[in-house]
Amino acid sequence: MKKKVKVCHLTSVHTRYDVRIFIKECKSIAKADYDVTLIVADGLGDEKISNVNIIDVGEVKGRFSRALLSSNKVYKRAKSICADIYHFHDPELMFYGLMLKSKTRKVVYDIHEDLAKQLEIKPWLNKFLKPITIKLFKVIEGFVAKKMDGLIVPQPYMKLKYLKYNDNTVLVENFVILDEKKTDIEVDYSTTTAFHAGALTEERGLLNMLKVYSNIKKPNRLILAGNINSKTLNELKNFNEYENIEYLGLIPFDDVSKYYQISSIGLILYNNVGQYYLSYAIKLFEYMRNGIPVIMPDFGEWIEFNKKNNCGINVDPTNHNEVVKAIEYLNNNPEEKKKLGANGRKSVKNKYNWNLAENRLLNLYQNL
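First things first, this report covers the structure right here in the doc.

Parameters and conventions
Residues numbered from 1 in each chain as written. Predicted model: local features only at pLDDT ≥ 70, side-chain atom pairs only at ≥ 80, totals over all residues. Heavy atoms only, no water. Core = buried A, V, L, I, M, F, W, Y, C linked by side-chain atoms within 4.5 Å. Buried < 20%, exposed > 50% of the residue type's maximum accessible area, 1.4 Å probe, protein only. Pairing = 2+ DSSP bridges. Helix = DSSP H or I, 4+ residues; strand = E, 2+ residues; numbered from the N terminus. Axes fitted to C-alpha atoms, helices over the stretch in contact; angles between N-to-C directions. Phe/Tyr/Trp six-rings, centres within 6.5 Å; stacked < 30°, edge-to-face > 60°. Polar contact = N/O pair within 3.5 Å; in protein donor to acceptor, adjacent residues only side chain to side chain. Right-handed = clockwise from strand over helix to strand, strands pointing away. Contact = heavy atoms within 4.5 Å. Salt bridge = Lys/Arg side-chain N within 4 Å of Asp/Glu carboxyl O.

**Observations regarding the nonpolar core**
Grouped together as the largest cluster of nonpolar side chains are 52 residues, with contacts concentrated most on Leu284 and Phe285. If you look at the next biggest cluster of nonpolar residues, it comprises 34 residues, including Phe137, Leu151, Met158 and Tyr162.

Take a look at the structure:
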């Protein structure tokens, strides 16, 4: 009997059921008959699910403690597994990725975001040290990228950037998993409810959404789900002040689809900072899969994306009156919502689904 290739995914930052890491990549690799282990640091214990062995090294509180202590614990546990391929997901693990490399062990760096761009908007970075930090990070990341056996990136723009460091850079987009039962669910386009699930920060449009729905008439309604950091949450004080908004907090992944079923508009009101000019957001493809038209930014790649797919309306996210008008236009024209939603769903079925990205991931593994 042929021995299975042993694969070990590492993260000291992400949750064990992270959509990209566990639900898409680990499950796909396990189904392709690899022996898959995922090492996390969340304090929830070990388990085996969907033929993926999840090993927990314990949770460490605090950003810097996590970067130093959790990363080291994840590395030590990973080393003890003696995998054939190591696949890590956090910049905190870059040097450990180098240490895991050998003649017989391959290492892949999965770069989830253009961190050099994102560092520009990190509030915890001292403004005087920020330019030096970004420059230093670029040097370190470039050095590590050259040494890896493969790089994985989620954005076409990022593939062009990282090919300069490593010829074996593979595009594995954050496309959605097709489920015929879900993709064929009928949407009630007469409803005036919008839904937004995911991390809620100022850069990702939280304040834009709050201001829009403070200035919009009932029955227009917004449901929010996701993490808000404690500082921002304290500043907002009480969501009850926003009559048209319901905040659910962080909800299980399986519950998200329930709220898509009672919504007919998707919002992406990112500010034009960091890497948010890039259009390949998980949220975008989730809206499209569910047949929901998208109100999206009018800058960067978002304009061309909507021209190609005609799945929503481009707006200036900071022009709240313009956003209100776009929402009211769609809610007053359910047939237009239906047309845009159908266009989005068709595009996902034809070109923005996980089957296509999964093939590129598995090809990388086979080549290694």
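**Remarks on the sheet that holds strand S8 (residues 169-171)**
Read from one edge to the other, the open sheet built from eight strands follows the order S3-S4-S2-S1-S5-S6-S7-S8, with strand pairing classed as mixed. Two strands lie at the open edges of the sheet, namely strand S3 (47-49) and S8, each paired on one side alone. Averaged over all pairs of adjacent strands, the angle between their axes in this sheet comes to 20°, without regard to strand direction.

**Remarks on unusual backbone geometry**
Lys218 connects to Pro219 through a cis peptide bond whose omega is 10°. Position of Pro219 relative to the elements: it lies in the loop between helix H8 (206-214) and strand S10 (221-225). The phi dihedral of Cys82 is positive, around 55°, even though this residue is not glycine. As for its position among the elements, Cys82 is in the loop between helix H2 (63-81) and strand S5 (85-88). Backbone geometry places Asn310, a non-glycine residue, at a positive phi of 45°. In this fold, Asn310 is placed in the loop between helix H12 (301-309) and strand S14 (312-315).

**Brief notes about the packing of aromatic side chains**
To describe a pair of aromatic rings, one takes the distance between the centres and the angle between the planes. Following the criterion strictly, the structure yields 20 aromatic pairs and no others. Taken together, a centroid distance of 5.5 Å and an interplanar angle of 75° make the contact between Tyr34 and Tyr365 edge-to-face. With Tyr34 in the loop between helix H1 (19-31) and strand S2 (35-40) and Tyr365 in helix H15 (residues 354-367), this residue pair connects regions lying 331 residues apart in the sequence. Three or more aromatic residues joined by ring pairs make a cluster, and in this case those are Phe175, Tyr280, Phe285, Phe305 and Tyr352.

**Notes on the environment of Asn333**
Here Asn333 is to be found in the loop between helix H13 (320-332) and helix H14 (334-351). Its relative accessible area of 28% is what places Asn333 among the partly exposed residues. Placed 156 residues apart in sequence, Asn333 and Ile177 show a C-alpha to C-alpha distance of 29 Å. Reaching out from Asn333, the side chain makes a polar contact with the backbone oxygen of Tyr329 at a distance of 2.7 Å.

**Observations regarding the pairing of S10**
Counting buried positions over the five residues of S10 gives four, a clear majority of the element. In this sheet, S10 lies alongside strand S9 (residues 193-197) in parallel orientation, the contact comprising five bridges. Counted as the bridge partner of Ala194 is Leu222 from S10. Assessed by its sense of winding, the connection that carries the chain from S9 through H8 to S10 is right-handed. Pairing of S10 with strand S11 (residues 245-247) involves three bridges; the strand directions are parallel. Opposite Leu224, over in S11, you have Tyr247 as the bridge partner.

**Some points on the pairing of strand S1 (residues 6-10)**
When you tally the buried positions in S1, you get four out of five residues, the bulk of the element. As defined by bridge partners, S1 adjoins S2 across five bridges and the pair is classed as parallel. Across the sheet, Leu10 pairs through a bridge with Ile39, a residue of S2. Taken together, S1, H1 and S2 constitute a β-α-β crossover, and its handedness is right-handed.

**Thoughts on the sheet that holds S10**
Taken in spatial order, the six strands make up an open sheet running S11-S10-S9-S12-S13-S14, and their pairing is parallel. Edge strands, defined here as strands with exactly one partner in the open sheet, are S11 and S14. Shown here is a sheet whose adjacent strand axes are inclined to one another by a mean of 25°, direction ignored. Note: strand S13 (residues 294-297) against S14, four bridges, orientation parallel. Its bridge partner lying in S14, Val294 is registered against Gly312. Running at roughly 165° to S14, H13 makes contact with strand S12 (265-267), S13 and S14 of the sheet.

**As for the pattern of salt bridges**
As enumerated under the stated definition, the model contains twelve salt bridges in all. A salt bridge links Asp33 to Lys4; the shortest N-O distance between them is 3.2 Å. Highlighted residues: Asp33 in the loop between H1 and S2 and Lys4 in the segment before S1, separated in sequence by 29 residues. Overall, Asp33 belongs to the partly exposed group, its relative accessible area being 47%. For Lys4, a relative accessible area of 41% puts it in the partly exposed group. Across the pair Lys161 and Asp114 runs a salt bridge, and its minimum N-O distance is 2.8 Å. Highlighted residues: Lys161 in helix H6 (residues 156-162) and Asp114 in the loop between strand S6 (106-110) and helix H4 (115-119), separated in sequence by 47 residues. Using a relative accessible area of 16% as the deciding quantity, one classes Lys161 as buried. Looking at Asp114, the relative accessible area reads 1%, which means it is buried.

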